[in-house]
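# Commentary on secondary and tertiary structure
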Amino acid sequence: MVYHKDIIERCYQRYPQTIEKARKLLSRPLTLTEKILYNHLFDQNMVAMYERGKLYAEFQPDRVAMQDATAQMALLQFIHAGRETTVVPASIHCDHLVQARDDAETDLKRALVENQEVYDFLRSMALRYNIHFWEPGAGIIHQIVLENYAFPGGMMIGTDSHTPNAGGLGMMGIGVGGSDAVDVMVGIPWELKWPKIIGVKLTGKLQGWTSPKDVILALLGKLTVKGGTGCVMEYFGPGARTLSATGKATICNMGAELGATSSVFPYDEKIAAYLRATGRAEVAEMADTIASHLKMDEEVEAHPEKYYDQVIEINLSELEPHLNGPFTPDLAHPLSTMKETLKKENYPVEVSAGLIGSCTNSSYEDLTKAAFLLKEAMAQGITPRSKLYLNPGSDRIRMTLEKNGILKIFKDAGVVIFSNTCGPCIGMWDRYDMAANTPNTIVTSFNRNFAKRADGNPHTHAFVTSPELVVALGLAGRLDFDPRVDTLSLPDGRNIRLPEPKGEEIPEAFSSDTQLGLLPPAEDPKGVRIIVSPTSERLQLLDRFPAWNGEDFTGCRVLMKVAGKCTTDHISMAGSWLKYRGHLDNISNNLLLGATSAFSGETGRVKNLLNGEYQTPAQVARAYKTSHIPWVIIGDKNYGEGSSREHAAMEPRHLGGVAVIARSFARIHETNLKKQGLLALTFAHEEDYEKVREDDLIDIPVSSLKPGEMLAVVLHHSDGTNETIFCQHTYNDTQIAWFKAGSALNLITQQGKK
Ligand code: SF4
């Protein structure tokens, strides 16, 4: 048994009481989203009214999942918490670092060598702290979660944006940054803004070539990539009950493309069937005992407009197959409009490649439908005109396909079977069939299609669609092919129409004969040595940040006064820096490289006041640190917006920064700064931002830091004049204790030792 029965039991035991309390408090029926949220409040005595989209609440999710790229820094921080194990079950999935080039076996062998030090570290952490470790190639994080861990009415966080995939089984999955994962693993309350809720009523039944993927592709066309921001997408209605659990997961997965916090379906017979098929009959039985709590109240379903912030209705019977793209997943084209679109737009019509699978569309249903079409075509002597590639979502699904003769159909049709990892979905596709920068079109059953996402080529036009349509377009080799009306020509001159795709929702039995899977736990976890080479360029054990020395900050230099927008990506860039995500000192060299200086107008360059030279912010910060000069960053509005990347807060702390003073903060980044032991202050008067000069020396009376009280910060100008400005902050007593201890983790360790 891979899932943790005790966690599910504990979650389900709380439901009846929590729901009753919340219903009384709100004096109205509840949506499913509200039920899940209330049932996962960190403090069950804090059941209160939370204004949607405004107030933050503290939660305790049931589990944590981490993929190998983001897990590294999260786990390096976790070491400092001094825990013997994680407070809730956690899992690590090695899926992002495998490059797709030749075939599963060759690619995996190469990845094991290239990423050995990362895998060794993650494996040793898993053994030491009793975390589940899924070997490279065992499967993609969200597919593994769906097959093993997700349960109706649960709540989980994952260090990957497509964690909402678990909503297919009725679990609220939320994508977060590594520091959030650390909070949950060490038992700190995890904060989330109480979301708005968009109700999506599904009626009718999917027909012919239309698939669950088209539900979300159509929604993306309606709502755009920003339409779900701050919201949970809650699906309901008779149409929802006709969709397989894995079809539901596909829809929830791509809620991330809407910018939604999460997506969720109510518990139903399809979900129960999937739980049983994947060896979790016991979980289905447990869910049955509280089934009424695992769906919205009947009154909500009857009058959705009264309870949701927005209601959208989709009639599945009338829905068309879609192709969304290129370059953005919300550019939705119903299939019947594609020929017209291609006349207007200059998209390459020839399909150079088709990508099937990924965490989004790897179900038995998806892949049996795709194989059915290939088999039918090959029986008529037709082979795909475009190159086709398949990334199965897990070794379990791959072995099931192999056992049932489905994989052979793909192989016979010339489909390249990549490993059970992300590969082309995350740009890890070493594509040698296409010269760099050649304009071309690909069709994919994945979820994202931003420029360069698949193969690094900015001129690859990627269209997102269902796996069956990827196969149909791959067989025709053309983007203007509509299998409902167009025919394929046979070598003998005859023309045939492809039959409508047929697949099986779930196999009679999933194979248990996988070659790659879960690492068995250590017999003696305490005896496991954490493996990090001291000479590694990719991994570095973290030193504890020093505790505050009790003195005010005086004579601080301004490292950079940032002008305008500054996201966490501007503070800590991704791209080629990704490989250093587990090495704080190396990745710190990217500090503020994307930010623009208000003094010089230059991006990623600042003046070193020690020698007058213009250098990168990291070079200057290191020079100040060596000279024992504290420094600050001056931020503009909404400083640190974007992702919850903890590196953006850890890097300035590592390089000797003591404070960020901004016109305003993005809340998550502000909290991250506090957790890492930096001061996060805002100008009481926004216009005081203008008073800060490049060569100022700044005094911050940090010993006066108290909840709700402003700090009088003194700017010493080089012309001998001084100005006092007032700075606000949002520190509470606990957060002040984080600051004094040097970081939130330092404090947790101290408390653990008492
Ligand atoms: Fe993310 Fe793609 Fe991997 Fe899914 S397959 S986890 S979307 S990179």
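Residues numbered from 1 in each chain as written. Predicted model: local features only at pLDDT ≥ 70, side-chain atom pairs only at ≥ 80, totals over all residues. Heavy atoms only, no water.

## A word on the sheet that holds strand S2 (residues 63–67)
For clarity, the cut-off: Being paired, for any two strands, means DSSP has found at least two bridges between them. Strands here mean DSSP runs of E at least two residues long; helices mean DSSP runs of H or I at least four residues long; both are numbered from the N terminus. Between N-to-C directions, angles cover 0 to 180 degrees, with each direction set by a line fitted to C-alpha atoms, over the stretch in contact for helices. Contact between two residues is taken to exist if any of their heavy atoms lie within 4.5 Å; hydrogens are not considered.
Reading across the sheet, the five strands line up as S4-S3-S2-S5-S6 and stay open at both edges, with parallel pairing between neighbours. In the strand order of this sheet, the two ends are held by strand S4 (132–134) and strand S6 (172–175), each with one partner. The average undirected angle you get between the axes of adjacent strands in this sheet is 20 degrees. As defined by bridge partners, S2 adjoins strand S5 (residues 155–158) across three bridges and the pair is classed as parallel. Residue pairing across strands places Arg 63 opposite Met 156, the latter belonging to S5. Running over the sheet, helix H5 (residues 116–129) touches strand S3 (90–93) and S4 and is turned about 150 degrees from S4. Lying over the sheet, helix H6 (residues 141–148) contacts S2, S3, S4 and S5, oriented at roughly 150 degrees with respect to S2.

## Description of the packing of aromatic side chains
What counts, and what does not: Any two rings among Phe, Tyr and Trp, with Trp reduced to its six-membered ring, count as a pair given centres within 6.5 Å; such a pair is stacked if its planes are under 30 degrees apart, edge-to-face if over 60, and tilted if neither. Relative accessibility under 20% of the residue-type maximum defines a buried residue, over 50% an exposed one, and the middle range a partly exposed one, all with a 1.4 Å probe and only protein chains included. Ring-over charges, as used throughout, are those where CZ of Arg or NZ of Lys falls within 6 Å of the ring centre and within 35 degrees of the ring normal.
In the structure shown here, the tally under the stated rule is 20 aromatic pairs. Pairing Tyr 38 with Tyr 50 gives two aromatic rings, centres 6.4 Å apart and planes at 45 degrees, and the pair type is tilted. On the criterion of sequence distance, the pair formed by Tyr 38 in helix H2 (residues 32–39) and Tyr 50 in the loop between H2 and strand S1 (56–59) is long-range, its members being 12 residues apart. Residue classification places Tyr 50 among the buried residues on the basis of a relative accessible area of 15%. In textbook terms, an aromatic cluster arises when at least three aromatic residues are bridged by ring pairs, as seen for Tyr 38, Tyr 50, Phe 59, Trp 190 and Trp 194. It is Arg 63 that lies over the ring of Tyr 149; its NZ or CZ is 3.8 Å from the centre. Directly above the aromatic system of Tyr 129 lies the positively charged group of Arg 128, at a separation of 4.8 Å from the ring centroid.

## Some points on the domain arrangement of the protein
One frequent convention defines the size of an interface as the accessible area lost when the parts assemble. To be explicit about the condition: By convention here, the domain bounds are inherited from an automatic or database domain assignment.
Domain annotation for the protein reports domain 1 (5–318), domain 2 (322–482) and domain 3 (553–753). Distance between the C-alpha centres of domain 2 and domain 3: 45 Å.

## Comments concerning the pairing of strand S21 (residues 553–561)
Summarising burial for S21: seven of the nine residues are buried, a large majority. Where S21 meets strand S27 (residues 697–700), two bridges bridge the pair, whose relative direction is antiparallel. Across the sheet, the residue bridging to Cys 556 is Ile 698, located in S27. Examined bridge by bridge, S21 and strand S24 (residues 631–635) share four bridges and lie parallel to one another. Each bridged residue has a counterpart across the sheet, and for Lys 561 the counterpart in S24 is Ile 634.

## Examining the side chain of Gln 676
Within the fold, Gln 676 resides in the loop between helix H23 (667–675) and strand S26 (679–683). Once residues within four sequence positions are removed from consideration, Gln 676 is found in contact with Gln 77, Phe 545, Ala 649, Met 650, Arg 653, Gly 742 and Ser 743.

## Points about the site of the ligand
Quick note on the threshold: Think of it this way: one heavy atom of a residue within 4 Å of a molecule or strand is enough to make that residue near it. Each residue is assigned to one of three groups, with Ala, Val, Leu, Ile, Met, Phe, Trp, Tyr, Cys and Pro labelled nonpolar, Asp, Glu, Lys and Arg labelled charged, and all others, Gly among them, labelled polar.
Taken together, His 96, Ile 140, His 142, Asp 160, His 162, Ser 358, Cys 359, Cys 422, Cys 425, Ile 426, Asn 447 and Arg 453 make up the full set of residues near the ligand. By residue class, the composition of the shell around the ligand is five nonpolar, five polar and two charged. Mapped onto the domain boundaries, the shell around the ligand takes at least three residues apiece from domain 1 (5–318) and domain 2 (322–482).

## Re empty space enclosed by the protein
Our working rule: Computed over the protein atoms alone on a 1 Å grid, cavities are sets of points where a 1.4 Å probe fits but cannot get out and pockets are open sets with protein on both sides within 12 Å along at least five of seven lines; a residue lines them when it has an atom within 4 Å of a point. Grid points are joined across faces, edges and corners, and a volume is the space filled by probe spheres set on the points.
Overall, the coordinates contain eight cavities of 30 Å³ or more when judged by the stated rule. The calculated volume of the largest cavity comes to roughly 160 Å³. Lining of the largest cavity is provided by 17 residues; of these, Gln 77, Lys 675, Gln 676, Ser 743 and Leu 745 occupy positions nearest its centre. For the lining of the largest cavity, the secondary-structure elements that each account for two or more residues are helix H7 (178–186) and helix H25 (744–753). A class-by-class count of the residues in the lining of the largest cavity yields seven nonpolar, six polar and four charged.

## Examining the sheet that holds strand S8 (residues 196–203)
Read from one edge of the open sheet, four strands run S10-S9-S8-S11, paired in parallel fashion. A single partner strand is all that each edge strand has here, and the edge strands are strand S10 (262–264) and strand S11 (310–315). In this sheet, adjacent strand axes meet at a mean angle of 20 degrees when their direction is disregarded. Bridging between S8 and strand S9 (residues 231–236) involves six bridges; their strand directions are parallel. Directly across from Ile 198, in S9, lies its bridge partner Met 233. Strands in contact with helix H8 (residues 212–223) are S8, S9 and S11; relative to S11, the strand with the most contacts, it is inclined by about 135 degrees.

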